[in-house]
Amino acid sequence: MSLRPIMLTRPPVEIMLDDGFWDELIEGGFRDVCVSWMAFLKEVEHGESLPTREEARPRVLSFFMDKGDQFEYVPIIKPDTSLYDGMTLYPPSRSDEFDSIFRELRDAFQRAKKKGINLYLFDDKSYFEISGYPAGPEGTRGFSCWNDPQVAEYLVARTRDYVNQLPMFSGIVLDGPDYKWEIAPGERDDLFAERCFCDHCQNAARLMGLDLMKLVDTLAEFKLEMQQLTDEKVEGFLLSTRGFLGATDWWLSHPELLDLMRFRYAAIENHLIREYEGIKKHLPEFTVMVSSRTPSYSALTGHALQRRNAYSDYQLPKLYLWAGNQPGFRYTVNNYANTLSEWNPSLSRKNVVGLTERIFGIEFPADYPVEKFDDPAPLSFYEQIAGDEMKKMIHLIGDVDKLIPFIALEHFGGPQIQPREVRDLLLTLENSGINRYIFFHYGVITEDVWSVLTEFSK
Ligand SMILES: [Zn+2]
């Protein structure tokens, strides 16, 4: 068994000052570490409650033991403002009181590097309270829009700033961005709630000969169409799109939806190209890794996996398979089935399930229909559904050595996938021919999960 994993960490970075942290990872077979959220923790009266309830790693829990429970994040580095000259996005400042712990951390990173650990940055762009992005005005995203070229320029400058001060880091993981893909109303990733009307988005659409407001209307019309399904319509759709060519008529009868997909692809691609080429211009040897969602819905999010080798060194699709909450695959698939049912109460269960399968290009195993998706998944789910996602990744990316899927137990404190399932997942990964993965994240690893991960990494 030999998977080469990357471990992604979350604060507290202070645990990294102790060499025991690096030795533990090396002992477990982890020689690649992605440090996510380059931030110290400062105790405050009103801040973020930490540790989160999913934190399980003894080293993390003992950090919090003798402290309060409210913290704020403090950027690790003091910015070199000359790198951001002419930008309207400013890096966050940091007070001198953290100078000495910064030097200690830098020395710890240096020692880790000497021990043979490869260190990677993580693109923290959506966490503007740490990285200094201003929140957007109403009608725009919560942070500056990715169609604003300055967002990519800022990321490039920020990466250079980190590397100048922490030269032992040899790469970065870019996290998203993703257009939304979820169907259930009110969800974080509700695709029908996706709307940024900022000048940059309007301009990006105009350059493609498209009208952004029309694209937004199209999404609303499509939602209405999904709410007016009948058994006759669905059966006809399933029958006529059974063949590869059958979908042509459907797409050609929805030209605006096709435009929306083209717009999403172009927006994400242009943003990633700006980031990739900007980093490579200054740091040609620096490794740039790019995330995405899983292939069965990556198109909705604007990522064309097949094209991304031209602007990434590694592709990191998220094989997030849990059921309890966003952004888990089973959660999303279940939401599609349930929402289609709620919107169309007269639709037969058979047609709801058939349509859900057709949308994602999946087939539910006989012993694990979508109705059971909240229960722990049997091996058949990992072998068939997850296994097919892996095969799609390999095919679309075309080079298994450029593929490092993200795996995680859950996000935000929901029900976790069980250690037995982690084993089934890693077994399927290995059988598929994939030889690497990135684990999100160190702090949540229980002893049982640690045993499974290390079993596969030695
Ligand atoms: Zn925008």
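Within every chain, residues take consecutive numbers counted from 1 along the sequence as written. Residue-level local features of this predicted model are given only where pLDDT is at least 70; pairs of side-chain atoms are given and counted only at 80 or more, and the full residue set underlies all totals for whole chains, interfaces and linings.

### Side note on the overall build of the protein
Part 1: Strands are runs of DSSP state E lasting at least 2 residues, helices are runs of H or I lasting at least 4, and numbering of each runs from the N terminus. Scanning the protein from terminus to terminus reveals 16 helices and 10 strands.
Part 2: Over its C-alpha atoms, taken along the principal directions, the protein stretches across nearly 70 × 50 × 45 Å.
Part 3: For every residue pair, C-beta atoms are placed from the backbone, and the pair is scored as a contact if these atoms sit within 7 Å. Here the analysis covers contacts within the protein between residues at least 6 apart in sequence; of these, 75% occur between residues at least 24 apart.

### Describing the environment of Asp 123
Part 1: With respect to the element layout, Asp 123 can be found in the loop between strand 5 (118–122) and helix 4 (128–131).
Part 2: Residues Asp 123 and Phe 64, spaced 59 residues apart in sequence, show a C-alpha to C-alpha distance of 25 Å.
Part 3: In contact with Asp 123, other than residues within four places in its own chain, are Leu 155, Ile 172, Val 173, Leu 174 and Asp 175.

### Details of the nonpolar core
Part 1: Leu 8, Cys 34, Met 289 and Ile 438 are the most contacted members of the largest nonpolar core, which has 112 residues in total.
Part 2: With 8 residues, the top contributor of residues to this core is helix 14 (residues 379–397). Note on terminology: a nonpolar core is any set of buried Ala, Val, Leu, Ile, Met, Phe, Trp, Tyr and Cys residues joined through C-beta atoms within 7 Å. Any residue with 12 or fewer other C-beta atoms within 10 Å of its own C-beta is exposed, any with 20 or more is buried, and the rest are partly exposed; the C-beta atoms used are placed from the backbone.

### Things to note about the sheet that holds strand 9 (residues 406–408)
Part 1: Spatial ordering of the open sheet is given by 8-7-6-5-2-1-10-9, a layout of 8 strands whose pairing is parallel. One side of each edge strand has no neighbouring strand; the edge strands of this open sheet are strand 8 (314–317) and strand 9. Neighbour-to-neighbour, the strand axes of this sheet turn through a mean angle of 30 degrees, independent of strand direction. Pairing between strands is defined by DSSP: at least two bridges between the two strands are required. Lines fitted to C-alpha atoms define the axes here, with helix axes fitted over just the stretch in contact, and angles between the N-to-C directions of these axes take values from 0 to 180 degrees.

### So, unusual backbone geometry
Glycine aside, residues mostly have negative phi angles, and peptide bonds mostly take the trans form.
Part 1: Cis geometry is adopted by the peptide bond preceding Pro 51, which originates at Leu 50 and carries an omega value of 0 degrees.
Part 2: Counting through the fold element by element, Pro 51 comes out in the loop between strand 3 (39–49) and helix 2 (58–64).
Part 3: In this structure, the amide linkage connecting Phe 440 to the following residue, His 441, adopts the cis form with an omega of -10 degrees.
Part 4: Along the chain, the position of His 441 falls in the loop between strand 10 (436–440) and helix 16 (447–457).
Part 5: Positive phi is not limited to glycine here, since Trp 37 has a value of about 65 degrees.
Part 6: Mapping Trp 37 onto the fold places it in the loop between strand 2 (32–35) and strand 3.

### Quick notes on the confidence of the model for the protein
Part 1: By definition, pLDDT measures how confident the predictor is in each residue, and it falls between 0 and 100. Here the protein shows a mean pLDDT of 93. Residues at 70 or above account for 95%.
Part 2: The low-confidence segment residues 126–133, where pLDDT is below 50, has 24 contacts with residues more than four positions distant or belonging to other chains.

### With respect to the packing of helix 14 against helix 15 (residues 419–432)
Part 1: Contact geometry of helix 14 with helix 15 gives a least axis separation of 9 Å together with a crossing angle of 40 degrees. In terms of axis orientation, helix 14 runs oblique to helix 15. As helix 14 packs across helix 15, the resulting crossing turns out to be right-handed. Mapping the contact onto sequence places Leu 379, Tyr 382, Glu 383, Ala 386, Gly 387, Met 390, Lys 391 and Ile 394 in helix 14 and Asp 424, Leu 425, Thr 428, Leu 429 and Ser 432 in helix 15. Small angles under 35 degrees read as roughly parallel and large ones over 145 as roughly antiparallel, with 65 to 115 read as roughly perpendicular and the rest as oblique. By definition, turning the near helix anticlockwise from the far helix through less than a right angle yields a left-handed crossing, and turning it clockwise yields a right-handed one.

### A look at helix 3 (residues 99–114)
Part 1: Taking 1.5 Å per residue as the helical rise, helix 3 with its 16 residues ought to reach 22 Å, and the 23 Å between its terminal C-alpha atoms agrees with that figure.
Part 2: Leu 105, Phe 109 and Ala 112 are the residues of helix 3 that are buried. Along helix 3, the residues classed as buried sweep out an arc of 60 degrees about the axis, all on the same side. In helix 3, the exposed residues that point more than 90 degrees away from the buried face are Asp 99, Ser 100, Arg 103, Asp 107 and Lys 114.
Part 3: Buried residues in helix 3 make contact with helix 1 (19–27) and strand 5.
Part 4: A positive phi of about 100 degrees marks Gly 116, the residue just after helix 3. Helix span is expected to be 1.5 Å times the residue number reduced by one. Of all possible arcs, the one meant is that of the directions from the helix axis to the C-beta atoms.

### Some remarks on the packing of helix 5 (residues 149–165) against helix 10 (residues 255–282)
Part 1: Where helix 5 meets helix 10, the closest approach of the two axes is 9 Å, and the angle between their N-to-C directions is 30 degrees. As summarised for this structure, helix 5 and helix 10 are arranged roughly parallel, according to the angle between their axes. When you trace helix 5 past helix 10, the crossing you get is right-handed. Seen from helix 5, the contacting residues are Pro 149, Ala 152, Glu 153, Leu 155, Val 156, Thr 159 and Arg 160; seen from helix 10, they are His 271, Arg 274, Glu 275, Gly 278, Ile 279 and His 282.
Part 2: Looking at the contact of helix 5 with helix 10 residue by residue, the classes come out as 5 nonpolar, 4 polar and 4 charged. Throughout, the ten residues Ala, Val, Leu, Ile, Met, Phe, Trp, Tyr, Cys and Pro are labelled nonpolar, Asp, Glu, Lys and Arg are labelled charged, and all others, Gly among them, are labelled polar.

### Brief notes about helix 16
Part 1: Within helix 16, burial applies to Val 449, Val 452, Leu 453, Phe 456 and Ser 457. Buried positions in helix 16, seen along its axis, are confined to an arc of 125 degrees and lie on one side of it.

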